[in-house]
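Residues per chain, in single letters:
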Amino acid sequence: MLTIDCRDVLSIKNELLVYVSDQAAAIPTLKHHQFTLSTLDDDETIDTNTVITSIKEFLDSIGEGRNFAVISNNETIRIKSISGKIIERDTVQQSEMFSCTHCGFVTRYEVELNTHMRIHYL
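In short, a report on the structure.

How each quantity is defined
- Residues numbered from 1 in each chain as written.
- Predicted model: local features only at pLDDT ≥ 70, side-chain atom pairs only at ≥ 80, totals over all residues.
- Heavy atoms only, no water.
- Salt bridge = Lys/Arg side-chain N within 4 Å of Asp/Glu carboxyl O.
- Helix = DSSP H or I, 4+ residues; strand = E, 2+ residues; numbered from the N terminus.
- Buried < 20%, exposed > 50% of the residue type's maximum accessible area, 1.4 Å probe, protein only.
- Core = buried A, V, L, I, M, F, W, Y, C linked by side-chain atoms within 4.5 Å.

Considering the pattern of salt bridges
Link 1 in the chain: Tallied over the entire structure, the rule returns three salt bridges.
Link 2 in the chain: Asp-5 serves as the salt-bridge partner of Arg-78, at 3.5 Å between the closest nitrogen and oxygen. Here Asp-5 lies in strand β1 (residues 2-5) and Arg-78 lies in strand β5 (residues 76-81), a separation of 73 residues in the sequence.
Link 3 in the chain: Residue Arg-78 is classed as partly exposed on the basis of its relative accessible area of 32%.
Link 4 in the chain: For Asp-5, a relative accessible area of 12% translates into the label buried.
Link 5 in the chain: The closest approach of N and O atoms between Lys-85 and Glu-64, which form a salt bridge, is 3.4 Å. One end of the pair, Lys-85, is in the loop between β5 and β6 (98-99); the other, Glu-64, is in the loop between α2 (48-61) and β4 (68-73), and 21 residues separate them in sequence.
Link 6 in the chain: Taking the relative accessible area as the measure of exposure, Lys-85 reaches 41% and is therefore partly exposed.
Link 7 in the chain: Relative accessible area serves as the criterion here: at 13%, Glu-64 is assigned to the buried category.

Right, here's the structure in full:
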């Protein structure tokens, strides 16, 4: 499982998640300031280089490629602003959604997701 830290690009996190998960053929899970990518099969691994390349391609496509560095450290990839500038967009506020990594159950509430995930371990 890979974790992608999006603190400096929160306003584009959802779009980035869709693009990167499609490119890496991985299952995404949203969190507050990050998202995780996992595979269907525990024996498979996600290619970190593919994920990094996808993030850079996405940033280039919106004209922000030169302003952000993509840093990999073990199982975490961080998108860091080089100049200290963060991406801000005037978009409609989207509610955070949380999804179960086991079955895809989606909820707006993290507490509800945590309760739901317990059924997988009974």
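Some thoughts on the nonpolar core
Most often, soluble globular proteins have nonpolar side chains that are buried together.
Link 1 in the chain: Ranked by internal contacts, the top residues of the largest apolar core, which has 24 residues, are Ile-4, Val-51, Ile-55 and Ile-79.
Link 2 in the chain: The set of elements that each furnish at least two residues to this core consists of β1, α1 (13-24), β3 (34-38), α2, β4 and β5.
Link 3 in the chain: Here this core gets five residues from one element, more than from any other, and that element is α2.

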